[in-house]
Amino acid sequence: MATRADETIGADVPVRPAATVLLVRDGPDGPEVFLLERVAAMAFAAGQTVFPGGAVDPGDQDSGHPSVGPPAEFWARVLGCSSAEAAALVTAAMRELYEETGVLLTLDGDPGSIDPQNRRDLDSHRISWSEFLTAHGLTSDSGLLRPWSRWITPAGRSRRYDTYFFLALLPSAQEPDALTSEAVDGHWSTARAALARADAGEIELMRPTRGVLAEIAGFTSTAELFAATVGDRTADPQVPGNGERFLGPRWPVRTSELTTVVLAPNPGPMTLEGTNSYLIGRTGAPSVVVVDPGPQDQVHLRSLTAHGRVELILITHRHVDHTAGSAELHRLTGAPVRALDPEYCHGGPPLRDGERITAAGIDIEVIATPGHSSDSVCFRLPDDRSLRAATGTPGSGVVLTGDTILGRGTTVLAFPDGSLTDYFRSLNTLIGLGSALVLPAHGPTLPDLAAIASGYLTHRHERLDQVRAALAQESLPRTGAGGDPVADLVDAVTAVVYAAVPQNVQFAARKSVAAQIDHLIRTGELPDPGENPAAAPDPRRPGPMDVPRQTDPHAAEPTR
């Protein structure tokens, strides 16, 4: 959870575990969620519109009451904590839901027949949840909850919570209220309507609340929502604040006049925070273009459909972290998928270099930029004036660079599909586009395409000089224990040039070294391997460091 600016303090404070519940039902316009408007005098999140929830109480550790549902070991696995901690979190979720809305997640029992004083006693900690259930002969049912996500308040706040979000369907014959001392109002709303009210300034939303609402806005029924909870969704927390995005659920962020980014939940050493899926469309327009749907994750894909009709789906290159969800997004929306490689198209023709596409009312130029992969393309939006508005300089639009240019570090050349020779040409092409705003597929937005591409070009020449120097070393082994002179030489050069790179990403360094040796062969700096294979091994021949192109998801070079 995030806090408002007036709650920021200098010293850090302990993080308290907490639970909150997305109580949902089906409505005429899709799933509706129950929201509370907190009292303006509250010490935390005053006046904010939130989901029911709160901190874990000491009494939540008491499990001496009848219960059914998944065992604590299951909850420990999906929540990423100990069994005792998981049991307390599940108890807190059910207790807070009853305290703040009067809704019971039990096998039986009529909330209307229970004295309201019991809710006040729970809220004031005079009785525990276990004591409440026992007194009324109730059996709690944790199977009515589903894990959704997890958020942690950033450091430097006056109150910090490690909050687990759960999903629950409104039980039949029950209706929530807002009869709690912590809220002044409670109401049902679709996620889209709540987000629209927040954008209009009618309600205030905390960043986690906004993020979760954005996630569920693309779903058309509660059945779809619950189907999306299959799997371990909460092991990795989201920590909002300081402009950084980390692991966990994602929310849309406007990146330019005509683009919005939704960060996919696939972080890693080679994908940085995850894949940036872009939406191209004007604010309030009825349709959008999706660039790089990212992984096959139902919540992420649904979030891409929540901002208007998807008219077209574009792919920057074939790697799985960009394309795994494209067929499913095509099925969900009917929008054609277009890529340079026909194998990755669905219902649309392959892209062509230099092609000008008009979709969602916006002109999109296709620029072939092979290097990271043979099918890499960039998309230029010449009419996006964001850079002019930010700097006062004319700029040259916005360019979505895929993995050709990253927001941090440099890209790996996925040899043998990737090529340094091609990459040099592509970088020069991008330099020629001038000072466009850079929207990479991984990492943050960058301000000046020509300057960034020039820096990449310099870096690549420096790396190439390091490879030349390594090849010139008489002590460099030309063959090794592997028995393959190609792979052995690449390994030997990698050990010199990328000595500081961690072992778990050495494979990516080997790919880039192979691409650099290949470039030296192509340009005649190394003898033709056909004339003297021992003197100049052919890195174009696949070796053990190569993987099939369809399964190579890697973008970021391991070190600059």
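Remember, predicted model here, so these are calculated numbers, not experimental data. (Residues numbered from 1 in each chain as written. Predicted model: local features only at pLDDT ≥ 70, side-chain atom pairs only at ≥ 80, totals over all residues. Heavy atoms only, no water.)

S.K.: Even after reading the chapter, I still don't get the layout of surface pockets, so can you show me in this structure?
M.R.: Any empty space left between the atoms is revealed when a probe the size of a water molecule rolls over them. Taken as a whole, the largest pocket encloses approximately 630 Å³ of empty space. Around the largest pocket, the lining comprises 25 residues; the ones closest to its centre are Asp199, Pro252, Arg254, Thr260 and His307. Of all the secondary-structure elements, those providing two or more residues to the lining of the largest pocket are helix H5 (191-199), helix H6 (207-216), strand E10 (253-254), strand E11 (259-263), strand E12 (276-280) and strand E13 (287-291). Element by element, the count of residues in the lining of the largest pocket is highest for H5, at 4 residues. Here the residues of the lining of the largest pocket sort into 13 nonpolar, 7 polar and 5 charged. (1 Å grid on protein atoms, 1.4 Å probe; cavity = no way out; pocket = protein on both sides within 12 Å on 5 of 7 lines; lining within 4 Å. Points joined across faces, edges and corners; volume = space filled by probe spheres on them. Helix = DSSP H or I, 4+ residues; strand = E, 2+ residues; numbered from the N terminus. Nonpolar A, V, L, I, M, F, W, Y, C, P; charged D, E, K, R; others polar.)

S.K.: Would you take a moment to explain the nonpolar core for this structure?
M.R.: Where a protein is soluble and globular, its nonpolar side chains tend to be buried together. Core analysis: the biggest nonpolar cluster contains 43 residues, and Ile405, Leu471, Val493 and Ile517 have the highest contact counts within it. Taken together, the elements giving at least two residues each to this core come down to helix H12 (420-431), helix H13 (449-472), helix H14 (485-497) and helix H15 (506-522). Setting aside anything within four residues of it in sequence, one finds Val493 in contact with Val467, Ala470, Leu471, Leu476, Val513 and Ile517. (Core = buried A, V, L, I, M, F, W, Y, C linked by side-chain atoms within 4.5 Å. Buried < 20%, exposed > 50% of the residue type's maximum accessible area, 1.4 Å probe, protein only. Contact = heavy atoms within 4.5 Å.)

S.K.: Explain the pairing of E11 here, please?
M.R.: Side-chain positions along a regular strand alternate between the two faces of the sheet. Counting buried positions along E11 gives 5 out of 5 residues, so the element sits mostly inside the fold. Covered by surrounding structure in E11 are Thr259, Val261 and Leu263 together with Thr260 and Val262, the residues of both alternating faces. With 2 bridges joining them, E10 and E11 adopt antiparallel strand pairing. Considered in E11, the bridge of Val253 is made with Val261. Counting the residues in the hairpin turn of E10 and E11 gives 4 residues. Relative to E12, E11 runs antiparallel, the two being bridged by 5 bridges. Opposite Val261, over in E12, you have Tyr278 as the bridge partner. (Pairing = 2+ DSSP bridges.)

S.K.: Looking at this model, I keep getting lost on the environment of Glu355. Mind explaining?
M.R.: The residue Glu355 is located in the loop between strand E15 (337-338) and strand E16 (356-359) in this model. Linking Glu355 and Ile367, residues 12 residues apart in sequence, is a C-alpha distance of 7.8 Å. Excluding its chain neighbours within four sequence positions, the residues that come into contact with Glu355 are Arg338, Pro350, Ile364, Glu365 and Val366. Looking at Glu355, its side chain comes within polar contact range of the side chain of Arg338, at 2.9 Å. (Polar contact = N/O pair within 3.5 Å; in protein donor to acceptor, adjacent residues only side chain to side chain.)

S.K.: Help me understand the side chain of Thr255 in this model?
M.R.: If you trace the backbone, Thr255 turns up in the loop between E10 and E11. Under the relative-accessibility criterion, Thr255 is labelled buried at 18%. A distance of 2.7 Å separates the side chain of Thr255 from the side chain of Thr259, its partner in a polar contact. Thr255 has contacts with Thr260, Val261, Tyr278, Leu437, Leu439 and Thr445, leaving out every residue within four places of it along the chain.

S.K.: How should the pairing of strand E20 (residues 437-440) be read in this particular structure?
M.R.: Alternating residues of E20 divide into Leu437 and Leu439 and Val438 and Pro440, and every residue in both groups is buried. Pairing of strand E19 (residues 398-402) with E20 involves 4 bridges; the strand directions are parallel. Note on E20: the bridge partner recorded for Gly402 is Pro440.

S.K.: What am I meant to see in the sheet that holds E12 here?
M.R.: Whether parallel or antiparallel, the strands of a sheet pair through hydrogen bonds between backbone atoms. With respect to topology, 6 strands assemble into an open sheet ordered E10-E11-E12-E13-E14-E15, the strand pairing being mixed. The outermost strands of the open sheet, each flanked by one partner alone, are E10 and E15. Across 5 bridges, E13 lies against strand E14 (residues 309-314) in parallel orientation. If you follow Val290 over to E14, its bridge partner there is Ile313. Packed onto the sheet, helix H10 (residues 326-333) meets E13, E14 and E15 and runs at close to 155° relative to E14. (Axes fitted to C-alpha atoms, helices over the stretch in contact; angles between N-to-C directions.)

S.K.: I tried to follow the sheet that holds strand E17 (residues 362-368) on my own but got confused; where do I start?
M.R.: If you walk across this open sheet you meet the 5 strands as E16-E17-E18-E19-E20, and the pairing is mixed. This sheet does not close on itself; its edge strands, each paired only once, are E16 and E20. Neighbour to neighbour, the strand axes of the sheet diverge by 25° on average, direction disregarded.

S.K.: What is the right way to look at the pattern of salt bridges in this model?
M.R.: Between side chains of opposite charge, a pair can form as their charged atoms come close. Counted by the stated rule, this structure contains 29 salt bridges. The closest approach of N and O atoms between Arg309 and Glu311, which form a salt bridge, is 3.7 Å. You can call Arg309 exposed: its relative accessible area is 52%. By relative accessible area, Glu311 is classed as partly exposed at 26%. Ionic pairing is found between Asp417 and Arg318, a salt bridge with its closest N-O pair at 2.5 Å. You can see Asp417 sitting in the loop between E19 and H12 and its partner Arg318 sitting in the loop between E14 and helix H9 (320-323), a full 99 residues away along the chain. Salt bridges sharing partners connect three or more residues here, namely Asp57, Asp60, Arg95, Glu96 and Glu99. (Salt bridge = Lys/Arg side-chain N within 4 Å of Asp/Glu carboxyl O.)

S.K.: Help me understand unusual backbone geometry, please; the structure alone is not making it clear to me.
M.R.: Leave glycine aside and you will find that most residues have negative phi; peptide bonds, for their part, are mostly trans. Put simply, Phe415 and Pro416 share a cis peptide bond, and its omega is 10°. Its identity is not glycine, yet Leu272 carries a phi of approximately 55°, on the positive side. If you trace the backbone, Leu272 turns up in the loop between E11 and E12. Judged by its relative accessible area of 17%, Leu272 falls in the buried class. Despite not being glycine, Ala360 shows a phi value in the positive range, around 55°.

S.K.: What am I meant to see in the confidence of the model for the chain here?
M.R.: In low-pLDDT regions, the fine details of the predicted coordinates are not to be read closely. Scored by pLDDT, the chain comes out at a mean of 81, with 83% of its residues at no less than 70. Confidence over residues 1-11 falls short of pLDDT 50; this stretch has 36 contacts with residues more than four positions distant or in other chains. In this model residues 230-237 is a low-confidence stretch, pLDDT under 50, and it forms 24 contacts with partners more than four residues away in sequence or in other chains. (pLDDT = per-residue confidence, 0-100.)

S.K.: Quick question: what am I supposed to make of the packing of aromatic side chains here?
M.R.: Given two aromatic rings, their pairing is described by the distance between the two centres and the angle made by the two planes. All chains considered together, the criterion is met by 7 aromatic pairs. Residues Trp75 and Phe166 carry aromatic rings whose centres are separated by 5.8 Å and whose planes lie at 65° to one another, so their mutual orientation is edge-to-face. Taken as a pair, Trp75 in helix H1 (residues 72-79) and Phe166 in strand E8 (residues 160-169) lie far apart in primary sequence, 91 residues in all. Each member of the pair, Trp75 together with Phe166, is buried. One aromatic cluster in this structure is built from Tyr98, Trp129 and Phe132. (Phe/Tyr/Trp six-rings, centres within 6.5 Å; stacked < 30°, edge-to-face > 60°.)

S.K.: Before we go on, may I ask you to explain the environment of Gly69 in this structure?
M.R.: Tracing the backbone shows Gly69 in the loop between strand E5 (67-68) and H1. Under the relative-accessibility criterion, Gly69 is labelled partly exposed at 45%. Through-space distance from the C-alpha of Gly69 to that of Asp141 is 5.4 Å; in sequence the pair is 72 residues apart. Beyond its immediate sequence surroundings of up to four residues, Gly69 is in contact with Asp141, Ser142 and Gly143.

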